[in-house]
Amino acid sequence: MDPVERLATLDALQQEAAGCTRCRLAEGRTQVVFGVGDPNADLMFVGEAPGFHEDKQGYPFVGQAGKLLDKLLAGIGLERADVYIANVIKCRPPGNRDPVPDEIEACEPYLFRQIELIEPRVIATLGNFATKLLSGRQLGITRVHGQPQSVTLGGRQVLLYPLYHPAAALYTPRMLTVLEEDFARLPGLLDLESHEPAEPEPEPELAAATPAEQLGLF
Ligand code: URA
């Protein structure tokens, strides 16, 4: 599919989602929060679900967590317009409760189709819900954050990069530090992904081991 056709298909998908009644969340929403950003982005972020402000404004990550996301992006020289941002769930769960499995099941085809059409090279999952859905594994974010993994999504190899959710990091300084450290590795991952595998480096000349090294003391 050429870029013009992909964009038109993404727009059509957004129109379709705008009237979605596949699950109970349709009843309480102000509007569907489909996603925002560069439809040709190399880097895509996937969060959990819209909150109060997102539901009102129609865009993902516009509340406090979104401000932190903007700050983290600025820290690596990027802004919102450079990336694509979406959620697992497109409608706000009442009282910001966690999404339940049948809501995720009803909504996930939108996300999978977005990934297929946007063709990102790196997907940073924010928090447990996005990480578990897109990795297809039940390992929690505490175990897997900061560990890039290659997955097949939309028929393509994508680098999945799990991160702590910014909303969680807002209230836990230790988590914020880890999120900042993990975030700082994103440019390197994007760079890595944008190059063909390099020729293997020639083996460096092995220096003769000193007696202490031979004994395993260093
Ligand atoms: N948290 C999310 O996961 N997504 C949003 O869009 C806002 C807050």
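Above this text sits the structure in question.
Residues numbered from 1 in each chain as written. Predicted model: local features only at pLDDT ≥ 70, side-chain atom pairs only at ≥ 80, totals over all residues. Heavy atoms only, no water.

1. Structural notes on the layout of surface pockets
Gaps left between atoms show up when a probe the size of a water molecule is rolled over them. Roughly 460 Å³ of internal volume is contained in the largest pocket. Lining the largest pocket are 22 residues, with Ala49, Gly51, Glu54, Asn96 and Ala167 positioned closest to its centre. Mapped onto the lining of the largest pocket, the elements with two or more residues apiece are α3 (52-57), α4 (64-75) and α8 (166-170). Tallied by class, residues from the lining of the largest pocket come to ten nonpolar, eight polar and four charged. (1 Å grid on protein atoms, 1.4 Å probe; cavity = no way out; pocket = protein on both sides within 12 Å on 5 of 7 lines; lining within 4 Å. Points joined across faces, edges and corners; volume = space filled by probe spheres on them. Helix = DSSP H or I, 4+ residues; strand = E, 2+ residues; numbered from the N terminus. Nonpolar A, V, L, I, M, F, W, Y, C, P; charged D, E, K, R; others polar.)

2. Description of the site of the ligand
The immediate surroundings of the ligand are formed by Gly47, Glu48, Ala49, Glu54, Pro60, Phe61, Asn87 and His165. At a separation of 2.8 Å, an oxygen atom of the ligand approaches a polar side-chain atom of histidine 165. Calculation on the ligand without its partners gives an accessible area of 240 Å², and the protein chains cover 91% of this total. Assessed atom by atom at 2 Å from the grid points, the ligand resides in the largest pocket. (Near = heavy atom within 4 Å. Polar contact = N/O pair within 3.5 Å; in protein donor to acceptor, adjacent residues only side chain to side chain. Areas by Shrake-Rupley, 256 points an atom, 1.4 Å probe, with all protein chains shown as cover. Sits in = over half its atoms within 2 Å of the grid points.)

3. As for the environment of leucine 176
Within the fold, leucine 176 resides in helix α9 (residues 173-184). Placed eleven residues apart in sequence, leucine 176 and histidine 165 show a C-alpha to C-alpha distance of 9.4 Å. Leave out the neighbours within four places in its chain, and leucine 176 touches Leu68 and Ala169. (Contact = heavy atoms within 4.5 Å.)

4. With respect to the sheet that holds strand β2 (residues 43-47)
The six strands lie next to each other as β1-β3-β2-β4-β6-β5, forming an open sheet whose pairing is mixed. Two strands lie at the open edges of the sheet, namely β1 (36-37) and β5 (149-153), each paired on one side alone. Relative to strand β4 (residues 122-126), β2 is paired through four bridges, and the arrangement is parallel. Bridge pairing in β4 places phenylalanine 45 opposite alanine 124. (Pairing = 2+ DSSP bridges.)

5. Observations regarding unusual backbone geometry
In most cases, non-glycine residues show a negative phi, while peptide bonds are predominantly trans. Of note, phenylalanine 61 is a non-glycine position whose phi angle comes to about 50°, a positive value. With respect to the secondary-structure elements, phenylalanine 61 resides in the loop between α3 and α4. Not every positive phi belongs to a glycine, and asparagine 96 is a case in point at roughly 60°. Counting through the fold element by element, asparagine 96 comes out in the loop between β3 (84-87) and α5 (101-118). A residue is classified by how much of its surface remains accessible, and asparagine 96, at 42% relative accessible area, is partly exposed. (Buried < 20%, exposed > 50% of the residue type's maximum accessible area, 1.4 Å probe, protein only.)

6. A look at the pattern of salt bridges
In total, this model carries eight salt bridges according to the counting rule given. Between aspartate 102 and arginine 24 there is a salt bridge, with its nearest N and O atoms 2.7 Å apart. Placement of aspartate 102 in helix α5 and of arginine 24 in the loop between α1 (3-18) and α2 (25-28) is noted, with a sequence separation of 78 residues between them. Taking relative accessible area as the criterion, aspartate 102 reaches 40% and is therefore assigned partly exposed. Ionic pairing is found between glutamate 103 and arginine 97, a salt bridge with its closest N-O pair at 2.7 Å. A residue is classified by how much of its surface remains accessible, and arginine 97, at 29% relative accessible area, is partly exposed. Salt bridges here are not isolated pairs; linked through shared partners, they connect Arg24, Arg97, Asp102 and Glu103. (Salt bridge = Lys/Arg side-chain N within 4 Å of Asp/Glu carboxyl O.)

7. Observations concerning the packing of aromatic side chains
As enumerated under the stated definition, the model contains one aromatic pair in all. The interplanar angle of 10° and the centroid separation of 5.7 Å between the aromatic rings of phenylalanine 45 and phenylalanine 183 together place this pair among those described as stacked. With a gap of 138 residues between them, phenylalanine 45 in strand β2 and phenylalanine 183 in helix α9 connect regions that are remote in the sequence. Each member of the pair, phenylalanine 45 together with phenylalanine 183, is buried. (Phe/Tyr/Trp six-rings, centres within 6.5 Å; stacked < 30°, edge-to-face > 60°.)

8. Looking at the pairing of β4
Two faces make up the sheet, and in a regular strand the side chains alternate between them. Most of β4 is tucked away, with five of its five residues classed as buried. For β4 and strand β6 (residues 156-163), the ladder comprises five bridges, and the chain directions are parallel. Bridge assignment links valine 122 to a residue of β6, and that residue is leucine 159.

By themselves, these are just geometric observations and shouldn't be taken as functional.
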